[in-house]
Amino acid sequence: MRLSLHLGLALTLAALLAAGVSLLWTPYDPAALSIAEKLRPPSAAHWLGTDHFGRDIAAMLMAGARTSIAVALVAVGIGMGFGVPLGLLAAARHGGTVDEVVMRGNDLIFAFPSLVIAILITAVFGPSALNAILAIGIFNIPVFARVARGGALSIWTLDFIRAAEVAGKGAARISAEHILPNIANLLIVQGTIQFSLGILAEAGLSYVGLGAQPPTPSWGRMLAEAQTMVTLAPHVAIFPGLAIVLTVFGLNLLGDGLRDRLDPRLRARP
Amino acid sequence: MARYLFRRMLSLALSLLAASLVIFLVIEVVPGDPASYMLGLNASPETVDALRDQLGLNAAAPARYLSWIWGMAQGDFGLSYTYKVPVSGLVAQRLEVSLPLALYALGLSALVAFPAGLLAAARRGRLADTAVMGATQLGISLPNFWFAMLLVLVFALHWRIFPAGGFPGWDGGIGAGLAALTLPAIALALPQAAILARVLRSALIETEGQDYIRTARAKGLTRTQTMIRHALRNAMIPVLTILGMQFSFLLAGAIIIENVFYLPGLGRLIFQAITQRDLIVVESVVMILVFAVILVTFLVDLAYALIDPRLRRRA
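Quick caveat: nothing in here was measured; it's all calculated off a predicted structure. (Residues numbered from 1 in each chain as written. Chains lettered and ligands numbered in written order. Predicted model: local features only at pLDDT ≥ 70, side-chain atom pairs only at ≥ 80, totals over all residues. Heavy atoms only, no water.)

Visitor: Looking at this structure, I do not really get the overall build of chain B. What am I missing?
Guide: On a plain count of helices and strands, chain B comes out with 13 helices and zero strands. Listing every helix and strand of chain B by position from the N terminus yields α-α-α-α-α-α-α-α-α-α-α-α-α. The principal-axis extents of the C-alpha atoms in chain B amount to approximately 85 × 55 × 35 Å. As presented, chain B carries roughly 15,200 Å² of accessible surface, and 66% of it is formed by carbon and sulfur atoms. Computed over 25 positive and 17 negative side-chain charges, the inter-centroid distance for chain B is 19 Å. (Helix = DSSP H or I, 4+ residues; strand = E, 2+ residues; numbered from the N terminus. Areas by Shrake-Rupley, 256 points an atom, 1.4 Å probe, with all protein chains shown as cover. Lys, Arg positive; Asp, Glu negative; His and termini not counted. Charge placed at Lys NZ, Arg CZ, Asp CG, Glu CD.)

Visitor: Would you take a moment to explain the side chain of D56 of chain A for this structure?
Guide: Residues and elements named next belong to chain A. Within the secondary structure, D56 is located in the loop between α1 (2–24) and α2 (57–92). Despite its burial, D56 pairs with no opposite charge; the closest candidate is R55, at 10 Å N-O. For D56, the side chain forms a polar contact with the side chain of H46, separated by 2.8 Å. Side-chain polar atoms of D56 contact the backbone nitrogen of A59, separated by 2.9 Å. Here D56 is in contact with P27, Y28, H46, W47, G49 and T50, once residues within four sequence places are set aside. (Buried < 20%, exposed > 50% of the residue type's maximum accessible area, 1.4 Å probe, protein only. Salt bridge = Lys/Arg side-chain N within 4 Å of Asp/Glu carboxyl O. Polar contact = N/O pair within 3.5 Å; in protein donor to acceptor, adjacent residues only side chain to side chain. Contact = heavy atoms within 4.5 Å.)

Visitor: When you look at the UniProt feature "transmembrane region" (unreviewed entry) in chain B in this model, what are you seeing that I'm missing?
Guide: Residues and elements named next belong to chain B. The positions that UniProt labels "transmembrane region" (unreviewed entry) are, in the present scheme, residues 101–121, 142–162, 174–197, 235–257 and 285–307. Taken end to end, residues 142–162 has its terminal C-alpha atoms 21 Å apart, with 71% of it in helix and 0% in strand. The span residues 174–197 shows a helical share of 100% and a strand share of 0%, and its end C-alpha atoms are spaced 30 Å apart. (UniProt positions renumbered as here; feature names shortened; annotations may be inferred.)

Visitor: Looking at this model, I keep getting lost on the environment of D256 of chain A. Mind explaining?
Guide: Residues and elements named next belong to chain A. Mapped onto the secondary structure, D256 falls in helix α9 (residues 235–262). Judged by relative accessible area, D256 falls into the buried class, the value being 12%. Separated by 251 residues in sequence, D256 and L5 place their C-alpha atoms 7.2 Å apart.

Visitor: Help me understand the interface of chain A and chain B in this model?
Guide: A common way to report how large an interface is uses the accessible area buried once the components associate. With 37 residues of chain A at the contact, the number on the chain B side is 44 residues. Taking both partners together, chain A and chain B bury about 3,500 Å²; carbon and sulfur atoms supply 82% of that area. On the surface where chain A and chain B come into contact, there are one salt bridge. When the shortest N-O distance is used, the salt bridge between D256 of chain A and R198 of chain B registers 3.1 Å. Between chain A and chain B we count six residue pairs in polar contact (both at pLDDT 80 or more) in total. Counting only elements with at least two residues in the side of chain A that touches chain B, the list comes to α3 (97–111), α4 (114–125), α7 (171–207), α8 (219–226) and α9 of chain A. (Buried area = accessible area lost by both parts, 1.4 Å probe.)

Visitor: What's the story with the packing of α7 of chain A against α8 of chain A in this structure? I'm lost.
Guide: Residue and element names in this part refer to chain A. Between α7 and α8, the shortest axis-to-axis distance is 7 Å and the interhelical angle comes to 40 degrees. By the angle between their axes, α7 is oblique relative to α8. Judged by the sense of rotation from one axis to the other, the crossing of α7 with α8 is right-handed. Across the interface between the two elements, I199, A203, S206 and Y207 from α7 touch W219, G220, R221, L223 and A224 from α8. (Axes fitted to C-alpha atoms, helices over the stretch in contact; angles between N-to-C directions. Parallel < 35°, antiparallel > 145°, perpendicular 65-115°, else oblique. Left-handed = near helix turned anticlockwise from the far one by under 90°.)

Visitor: Looking at this structure, how should I read α3 of chain A?
Guide: Between the first and last C-alpha of α3 of chain A there are 21 Å, a value that for 15 residues agrees with the 21 Å anticipated at 1.5 Å per step. Along α3 of chain A, the residues classified as buried are D99, V102, M103, N106 and A111 of chain A. (Expected span 1.5 Å × (residues − 1).)

Visitor: I tried to follow empty space enclosed by the protein on my own but got confused; where do I start?
Guide: Residue and element names in this part refer to chain A. Under the criterion given, the structure shown has one cavity of 30 Å³ or more. Around the largest cavity, the lining residues are D51, H52, R55, I57, M60, M222, E225, A226, V236 and P240. When residues of the lining of the largest cavity are traced back to their parent elements, those giving at least two are α2, α8 and α9. When residues in the lining of the largest cavity are grouped by element, the largest group, three residues, is from α8. (1 Å grid on protein atoms, 1.4 Å probe; cavity = no way out; pocket = protein on both sides within 12 Å on 5 of 7 lines; lining within 4 Å. Points joined across faces, edges and corners; volume = space filled by probe spheres on them.)

Visitor: What am I meant to see in unusual backbone geometry here?
Guide: Negative phi characterises most residues that are not glycine, and trans characterises most peptide bonds. Geometrically, the link from P214 of chain A to P215 of chain A is a cis peptide bond, its omega value of 5 degrees lying close to zero. Locating P215 of chain A in the fold gives a position in the loop between α7 and α8. The phi dihedral of R160 of chain B is positive, around 55 degrees, even though this residue is not glycine. Looking at the element boundaries, R160 of chain B is found in the loop between α7 (144–158) and α8 (174–207). For R160 of chain B, a relative accessible area of 66% puts it in the exposed group. Of note, Y262 of chain B is a non-glycine position whose phi angle comes to about 50 degrees, a positive value. Topologically, Y262 of chain B is positioned in the loop between α10 (223–261) and α11 (266–275). Judged by relative accessible area, Y262 of chain B falls into the partly exposed class, the value being 47%.

Visitor: What exactly am I supposed to notice about the confidence of the model for chain A here?
Guide: It should be kept in mind that the predicted coordinates are not to be read in detail where pLDDT is low. Per-residue pLDDT for chain A averages 87, and the proportion of residues at 70 or more is 96%. Between the elements of chain A, mean pLDDT differs from a low of 75, seen in α4 of chain A, to a high of 93, seen in α2 of chain A. (pLDDT = per-residue confidence, 0-100.)

Visitor: Quick question: what am I supposed to make of the nonpolar core here?
Guide: Among soluble globular proteins, nonpolar side chains are generally buried collectively. By size, the foremost hydrophobic cluster in this structure holds 163 residues, and its most contacted members are I179 of chain A together with L204 and V286 of chain B. Excluding its chain neighbours within four sequence positions, the residues that come into contact with L204 of chain B are G117, L118, A121, M227, A231, L232 and A235 of chain B. (Core = buried A, V, L, I, M, F, W, Y, C linked by side-chain atoms within 4.5 Å.)

Visitor: It is not clear to me how the UniProt feature "transmembrane region" (unreviewed entry) in chain A should be interpreted in this structure. Could you clarify?
Guide: Residue and element names in this part refer to chain A. The sites that carry the UniProt feature "transmembrane region" (unreviewed entry) are, in the present numbering, residues 69–92, 108–126 and 232–255. Secondary structure across residues 69–92 comprises 100% helix and 0% strand; the distance between its end C-alpha atoms is 33 Å. Measuring from the first to the last C-alpha atom of residues 232–255 gives 38 Å, for a span that is 88% helix and 0% strand.

Visitor: What exactly am I supposed to notice about the confidence of the model for chain B here?
Guide: Here chain B averages 85 in pLDDT, while 95% of its residues score no lower than 70. Prediction confidence for the complex, expressed as pTM and ipTM, is 0.87 and 0.87 respectively.

Visitor: Help me understand the packing of aromatic side chains in this model?
Guide: One pair of aromatic rings is described through two measures. These are the centre distance and the angle between the planes. Within the structure shown, the criterion is met by six aromatic pairs over all chains. Relative to F145 of chain B, the ring of Y207 of chain A has its centre 4.5 Å away and its plane inclined at 20 degrees; by these criteria the two rings are stacked. With Y207 of chain A in helix α7 and F145 of chain B in helix α7, the pair connects residues from two separate chains. Residue classification places F145 of chain B among the buried positions, given a relative accessible area of 2%. Considering the side-chain rings of F155 of chain B and W159 of chain B, the 5.8 Å spacing of their centres and the 65 degrees angle between planes classify their relative orientation as edge-to-face. (Phe/Tyr/Trp six-rings, centres within 6.5 Å; stacked < 30°, edge-to-face > 60°.)

Have a look at this one:
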């Protein structure tokens, strides 16, 4: 499946590029209102048309890519930063109290539907992009802890780990020097998947008003604003949705392709 | 089996207790006093204090926690601060929308996923497999609320087959109720079906190299017969896990879809409750959702044991 890897990489890079370029240049100011130009269909002047305030949709999508990617990326960082050490710790103390505590803690977080976590956090701190990151990030922790623990457990049984133990290395050093590099593939693949899920989650949270607040541009909020406009000008709702689908689709393909490339044994994944 | 059941029930009870503690502590730190919110800006400190007394807000936190879970254990979720009616009644009313919606979506999802997953596994590596895998990859990438908007655009506004939103209630007949839930259920179901079909496909493919499959083929069964009689049953464990997770997701995930279709479900209730600082409702609805997740996980665990006798003995 070389094709899926390349297509995934191309779509992902396109989204990253859109976000990156938007820092320097967008076709119009994404916040510039122009009521005279409202709800224009796509044209040479406005490639993807304008919304109900006459804002250029292409410019808003580029700026929105920034929000989506930043939120999802930091959330993956939180998940990895806390989850991987916890998973490694649990694996190193396999069968012990620490392992049990980490795994039951994971189950507990899993029992809260991610959206409910987000709602609770918003109830406490109020809606913002930062709290969306927190909500998505917390849910990423048990995912990475599980993947890290599962991967680490199978590495711990191998002979070269025995050799490292005989050489006098402690569990922490073995985890960092021998286990971590060997489960890096797994973590990268899972990272891509959580990245794509994070983009979907951010869009959903922003759509119901729990994510990025105006004036921060956001794909999810563009869709929320488009909802009442959908009969008059379907393009206002169609393009932000397409942006989400293509980015997430690209990341999923990339994740699949990377897994095949990095670890042929895992090829039969759902 | 009895020991297995007992251990599972013990862990069910412990999870519920832990979850309730987490929810209570989170709600404790929510800024804003429900009593002053209910009485408005002009209320005197004495009236606010009297109301706090009446709502039981002046008691110490541990006492309030205990009375909260003790009440819930008896089916008493307290009184809503804003609606002044029992929370259990409010929730039951909303569940009339959310529960059928989740079940409807789960049914649709299984209806699409099983044939698709079986087809892809049976035609592995061929055109049908590639088509199913491509379609499901796209389905997974679909934000369900956007998909819902497209469905409304096509089936409600353009062709006018289904209502665009709102819920007439079950009193007007089951037909009208189901019609109102059809588009939301499709929007919820398709992305879930994509995941389920992929899990089923890979679980079926995983069985391929097993001895009992070879035996079944050797005694003369066709590939399709082997797959349905032998492989499917063995593939059910991962499929059930995902189905269980999806049911809880559908119950809670409907929160966003309910917004698209203006459905009076649990999601809308929790949103209103947050804006009105009706914390007891927030607390209880979150607890009920978490309870549903934990209960479904428990039931799936039991189902494993029914499907796979080996798990029963091991425990």
